[in-house]
Amino acid sequence: KGRIRYVGASTHSHCVGAVLANDEGIDTVMLRYSMAHKDAADHISFPACVRNRKSVLAFCTTRWNSLQNGHVEWNEDSPTDGDCISFALAKKPP
């Protein structure tokens, strides 16, 4: 009766995200996306969302605050909360 305008789905799996992006009944996909998980998104789920004109919502941009603790392979300062969110917001479609 026209009571539901949009439907979204959320997943930690970028493979599942790509499948959801192909579903005509899904309008938006919520995916894990951070500096630590960018490759799977860039190569699996984001291209499917772009092809199917689905919007993407990001979650876990700070990787449960673990990114702020740094990494032994990083030469730069650890990112702040703002850096992590800005990283996700600055993503351009593939």
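Below, the structure is looked at part by part. Small disclaimer: the values here were computed from a predicted structure and weren't measured. (Residues numbered from 1 in each chain as written. Predicted model: local features only at pLDDT ≥ 70, side-chain atom pairs only at ≥ 80, totals over all residues. Heavy atoms only, no water.)

## Some thoughts on the overall build of the protein
At step 1: Each helix and strand in the protein was counted, giving three helices and three strands.
At step 2: Based on the C-alpha atoms only, the size of the protein along its principal axes is roughly 55 × 25 × 20 Å.
At step 3: Split into buried and exposed, the 94 residues of the protein put 32% on the buried side.
At step 4: Residue pairs in contact within the protein that sit at least 24 positions apart in sequence constitute 56% of those at least 6 positions apart.
At step 5: For the protein, the accessible surface area stands at approximately 6,500 Å², while carbon and sulfur atoms represent 51% of it. (Helix = DSSP H or I, 4+ residues; strand = E, 2+ residues; numbered from the N terminus. Buried < 20%, exposed > 50% of the residue type's maximum accessible area, 1.4 Å probe, protein only. Contact = heavy atoms within 4.5 Å. Areas by Shrake-Rupley, 256 points an atom, 1.4 Å probe, with all protein chains shown as cover.)

## With respect to the environment of C60
At step 1: One can find C60 in the loop between β3 (55-59) and α3 (81-89).
At step 2: You can call C60 buried: its relative accessible area is 16%.
At step 3: Measuring from C-alpha to C-alpha, the distance between C60 and L31 comes to 8.4 Å, with 29 residues separating the pair along the chain.
At step 4: Contacts of C60, omitting those with residues within four sequence positions, involve H12, R32, Y33 and S34.

## Points about unusual backbone geometry
At step 1: The phi torsion at R63 lies on the positive side, around 55°, for a residue other than glycine.
At step 2: When you line up the elements, R63 lands in the loop between β3 and α3.
At step 3: Look at N65: it is not a glycine, yet its phi comes out positive at around 65°.
At step 4: Structurally, the position occupied by N65 is in the loop between β3 and α3.

## Considerations on the pattern of salt bridges
At step 1: Enumeration over the complete set of coordinates arrives at one salt bridge.
At step 2: Where K91 meets D42, a salt bridge forms, and the shortest distance between an N and an O atom there is 3.0 Å. Of the two residues, K91 is situated in the segment after α3 and D42 in helix α2 (residues 38-51); the sequence distance between them amounts to 49 residues.
At step 3: Residue classification places K91 among the partly exposed residues on the basis of a relative accessible area of 31%. (Salt bridge = Lys/Arg side-chain N within 4 Å of Asp/Glu carboxyl O.)

## Description of the nonpolar core
At step 1: In this structure, L20, I26, V29, Y33 and F46 are the most contacted members of the largest nonpolar core, which totals 13 residues.
At step 2: The dominant element in this core, judged by the number of residues it contributes, is α2, at four residues. (Core = buried A, V, L, I, M, F, W, Y, C linked by side-chain atoms within 4.5 Å.)

## Section: the environment of A41
At step 1: With respect to the element layout, A41 can be found in helix α2.
At step 2: Given the relative accessible area of 0%, A41 is considered buried.
At step 3: Aside from chain neighbours lying at most four places away, what touches A41 is H14, Y33, F46 and P47.

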